[in-house]
Amino acid sequence: MAAAANNDALLKVENLQVEFRTRRGTALVLNGVDFEVKPGETLCVVGESGCGKSMTALALLRLIPSPPGRIRAGRVLFRGEDLVQASEARMGEVRGNRISMIFQEPMTSLNPVYTVGDQIGESLRVHAGLDRRAARERAIEMLRQVGIPAPERRVDDHPHKMSGGMRQRVMIAMALACRPDILIADEPTTALDVTVQAQIFDLLRELQRERGTAIVLITHDMGAVAEMADRVMVMYAGRVIEQGTTEQVLGAPLHPYTQGLIACLPELGSSRDGTRHDLNEIRGVVPSIWELGSGCAFRERCPYAMPRCARDVPPMQGHDGHGAACWLVPETTARGTLQGAVA
Ligand code: SF4
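Residues numbered from 1 in each chain as written. Predicted model: local features only at pLDDT ≥ 70, side-chain atom pairs only at ≥ 80, totals over all residues. Heavy atoms only, no water.

### Digging into the environment of Val225
- In this fold, Val225 is placed in helix α9 (residues 222-228).
- Overall, Val225 belongs to the buried group, its relative accessible area being 0%.
- Residues Val225 and Thr246, 21 residues apart in the sequence, show an inter-C-alpha distance of 7.7 Å.
- Not counting chain neighbours up to four residues away, the residues in contact with Val225 comprise Cys44, Val46, Thr219, Val232, Thr246 and Leu250. (Helix = DSSP H or I, 4+ residues; strand = E, 2+ residues; numbered from the N terminus. Buried < 20%, exposed > 50% of the residue type's maximum accessible area, 1.4 Å probe, protein only. Contact = heavy atoms within 4.5 Å.)

Rendered as structure tokens:
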């Protein structure tokens, strides 16, 4: 986990709503997403495929395919500036410079035609105003920092000459070249074997310690969460359904969905008092965005569902910065609502 972060939010997301308009109708794929990221911390965003994790990341940088998608409502406050209202020119300055992103499969993001040095150097030329020679020198330095051997030689390689792990390191070098305030990493190790995964996480932690970069790590892997996160945000069907510190969420999960995710992992499947959570695996699948209807989106899969769950959407409730959107939570915590404790 990262060193302690200070308390001022670097990024504050408020009531973010994203809709997609299709022939079938309008679907709300993000529905009232609220969270914040503090300098130097790692926030892990978890959930199964289709829960809205990647859509949230794309929305932060205004990279949603439009049409058919668009941000319907909400604010994305980066150092107090609302990026939802920013001009395209301003977004060009923010992307890759102040907020960078790395993706699951680096080959889809790296251009096969250019050398890795050219690609790392490009953002330095565009954003930092370096000339070609200085950009190349910095690219070599970045390759060295991300642990690529013989960087003076590898800087002239094309991406296809590198292994998957090396390409992901190049992506990290590109993303961090301009010293961004926030790095968004969307499943950065899913395509890599376990040993390389561990190396990439070590690298991210080390670079974060050196540079104070905040990391938003999107993952479906609760093991990665345990290893990397300071705070955790769990998403389900386009909503945030639980938030808290890593200790709170992994040690005493409030939402039945989070309990199910944790119970799927043998080493995390017991709470601190040694009792196992009730779900050994989560039955069923995430419902289609077209089938949500009213009430709690998890109700078809939830062993505790009650009549109210089909009728009303549960609000986020809890205390001490730890909350969940579940009608059981007030009974569990009985200590008031979050009211801003969770952004
Ligand atoms: Fe289960 Fe109801 Fe809580 Fe939803 S609100 S998670 S259905 S108990």
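The discussion continues.
### Side note on the site of the ligand
- Contacts to the ligand come from 13 residues, most closely from Cys296, Cys302, Cys309, Cys326 and Trp327.
- When each cavity is represented as a set of grid points, the ligand is found to reside in the largest cavity.
- Across the shell around the ligand, the residue classes tally to eleven nonpolar, one polar and one charged. (Near = heavy atom within 4 Å. 1 Å grid on protein atoms, 1.4 Å probe; cavity = no way out; pocket = protein on both sides within 12 Å on 5 of 7 lines; lining within 4 Å. Sits in = over half its atoms within 2 Å of the grid points. Nonpolar A, V, L, I, M, F, W, Y, C, P; charged D, E, K, R; others polar.)

### A closer look at the sheet that holds strand β5 (residues 81-82)
- The strand order across the open sheet formed by four strands is β2-β1-β4-β5, and the pairing between neighbours is antiparallel. A single partner strand is all that each edge strand has here, and the edge strands are β2 (25-37) and β5.
- Across two bridges, strand β4 (residues 69-78) lies against β5 in antiparallel orientation. Residue pairing in the sheet places Phe78 in a bridge with Glu81 of β5.
- Contacting β1 (11-22), β2 and β4, helix α1 (residues 53-60) crosses the sheet at an angle of about 75° to β2. (Pairing = 2+ DSSP bridges. Axes fitted to C-alpha atoms, helices over the stretch in contact; angles between N-to-C directions.)

### With respect to the confidence of the model for the protein chain
- On average, residues of the protein chain score 85 in pLDDT, and 89% of them reach the 70 mark or higher.
- With pLDDT under 50 throughout, residues 2-6 is counted as low confidence; its partners more than four residues away or in other chains account for twelve contacts.
- This model gives residues 269-280 a pLDDT under 50, and the stretch forms 27 contacts once residues within four places in sequence are excluded. (pLDDT = per-residue confidence, 0-100.)

### Thoughts on empty space enclosed by the protein
- Applying the stated rule across the entire model yields three cavities of 30 Å³ or more.
- There is about 90 Å³ of room inside the largest cavity.
- Lining of the largest cavity is provided by 14 residues; of these, Cys296, Cys302, Cys309, Cys326 and Trp327 occupy positions nearest its centre.
- Split into classes, the residues belonging to the lining of the largest cavity amount to twelve nonpolar, one polar and one charged.
- Lining the second largest cavity, in full, are Phe35, Val45, Lys53, Thr56, Ala57, Leu60, Ile184, Val216 and Ile218. (Points joined across faces, edges and corners; volume = space filled by probe spheres on them.)

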